[in-house]
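Examining the three-dimensional arrangement
Residue-level listing of the chains:
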Amino acid sequence: MKTPAPTSPTALRPLLVCFLISTLLCAIAGPASGKSKAKEPAPRFNATTTGGEKFNNDSTKGKVVLLEFWTTWCGYCLQEAGFVDRINDDYLKKGLVVLAINVGESKKTVKKYLQDHPRSTRIVLTSDTNLAAMFEAKVYPIYVVIDRDGNVAGEQRGAAGEKALRDLLDRGGLDDEEDDDK
């Protein structure tokens, strides 16, 4: 039986496979090693809801803030709106402020959409905040959690379901004992 030459593709295949597996294991083990990125202060923001309520870093100090960036044409946003509203209702008395920021659409478009798809969260239009630009909202939905100290505790880009959003809120210091039953 002839042994392949050390530089032949057949001989290099096991080395390549070992390299890829070790790289993957390092990537997986990295975040679990306890070295998480330090929380950064949330950018200075102002937001006014369609109901006229005003929010900024100072007015939300001591509360957990969930920013939801969405659009009327985003199917995933529509799918997740129900549980975002439910989370808003569940955590309201625990100090959660949910701001659902519509990105880049007119007041007329959003108003018509909300007639067909009512929300219990506070709605903010792009023209009434600087948040969409600060968090580079270009894919939807995007969720950002700001903890009680005013630091960004976590961010999720894209739909991932209710459990992922509740886990994100846990990182912001908002734990719900009932989560274990869900």
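Here, the structure is the one placed above.
Okay, so let's go over this structure. (Residues numbered from 1 in each chain as written. Predicted model: local features only at pLDDT ≥ 70, side-chain atom pairs only at ≥ 80, totals over all residues. Heavy atoms only, no water.)

**What to know about the pattern of salt bridges**
Operational definition: Salt bridges, as used here, are contacts in which a Lys or Arg side-chain nitrogen is within 4 Å of a carboxyl oxygen on Asp or Glu. Helix and strand labels come from DSSP, where a helix needs a run of H or I of at least four residues and a strand needs a run of E of at least two; each type is numbered from the N terminus.
Following the criterion strictly, the structure yields ten salt bridges and no others. Salt-bridge contacts for Asp147 lead to Lys39; the nearest nitrogen and oxygen are separated by 3.2 Å. Taken as a pair, Asp147 in the loop between strand 7 (142-146) and strand 8 (151-157) and Lys39 in the loop between helix 1 (9-32) and strand 1 (40-41) lie far apart in primary sequence, 108 residues in all. In this structure, the salt-bridge partner of Arg44 is Asp58, at a minimum N-O distance of 3.6 Å. Of the two residues, Arg44 sits in the loop between strand 1 and strand 2 (46-49) while Asp58 sits in the loop between strand 3 (54-56) and strand 4 (64-70), which places them 14 residues apart along the sequence. Among the charged side chains, a network of salt bridges with common partners joins Arg86, Asp90, Glu162 and Arg166.

**With respect to the state of the cysteines**
For clarity, the threshold we go by: Cysteine sulfur pairs qualify as disulfides if the two atoms are within 2.5 Å. Three labels apply to residues, based on accessible area from a 1.4 Å probe with only protein chains included: buried if under 20% of the type maximum, exposed if over 50%, partly exposed otherwise in between.
In the structure shown here, the tally under the stated rule is one disulfide. A sulfur-sulfur separation of 2.5 Å characterises the disulfide bridge that pairs Cys74 with Cys77. Where Cys74 bonds to Cys77 through sulfur, the torsion about that S-S bond is close to 80°, and the disulfide is right-handed. As far as the burial class goes, Cys74 and Cys77 line up, both buried.

**Digging into the pairing of strand 6 (residues 122-129)**
We count it as follows: We call two strands paired when DSSP finds no fewer than two bridges between them. Seen with the strands pointing away from the viewer, any crossover whose path from the first strand over the helix to the second strand runs clockwise is right-handed.
Of the strand pairs in this sheet, strand 2 and strand 6 are connected by two bridges, and their pairing is antiparallel. Bridged to Thr49 within strand 6 is Val124. Here strand 5 (residues 96-102) runs beside strand 6; their pairing, made up of four bridges, is parallel. Across the sheet, residue Ile101 finds its bridge partner in strand 6, namely Val124. After leaving strand 5, the chain enters helix 3 (residues 107-116) and then returns to the sheet as strand 6, a path that is right-handed.

**Overview of the sheet that holds strand 8**
Convention followed: Here, residues are in contact when the closest pair of their heavy atoms is within 4.5 Å. For every element, the axis is a line fit to its C-alpha atoms; helices are fit only across the contacting stretch, and the angle between N-to-C directions ranges from 0 to 180 degrees.
One open sheet holds the eight strands; their spatial order is 1-8-7-4-5-6-2-3, and the pairing between them is mixed. A strand with exactly one partner marks an edge of an open sheet, and here the two such strands are strand 1 and strand 3. On the sheet, helix 2 (residues 75-91) packs against strand 4, strand 5 and strand 7 and is oriented at approximately 155° with respect to strand 5. Most of the contacts of helix 5 (residues 162-171) go to strand 8, to which it runs at about 165°, and overall it touches strand 4, strand 5, strand 7 and strand 8.

**Brief notes about unusual backbone geometry**
In the segment running from Tyr140 into Pro141, the intervening peptide bond is cis, with an omega of -10°. Examined against the element boundaries, Pro141 turns out to sit in the loop between helix 4 (131-134) and strand 7. Despite not being glycine, Glu136 shows a phi value in the positive range, around 50°. Of note, Glu136 is situated in the loop between helix 4 and strand 7.

**Notes on the environment of Lys111**
Relative to the helices and strands, Lys111 is located in helix 3. As a C-alpha pair, Lys111 and Thr50 span 61 residues in sequence and 9.4 Å in three-dimensional space.

**Some remarks on the packing of aromatic side chains**
To keep it simple, the criterion reads: Ring pairs shown here join Phe, Tyr and Trp side chains whose ring centres sit within 6.5 Å, with only the six-membered ring taken for Trp; geometry is labelled stacked below 30 degrees between planes, edge-to-face above 60, and tilted in between. Charge-over-ring placement is defined geometrically: NZ (Lys) or CZ (Arg) within 6 Å of the ring centre, and within 35 degrees of the ring normal.
Inspection of every chain in the model, using the stated rule, returns three aromatic pairs. Here Arg119 stacks its cationic end above the ring of Trp70, 5.9 Å away from the centre of that ring.

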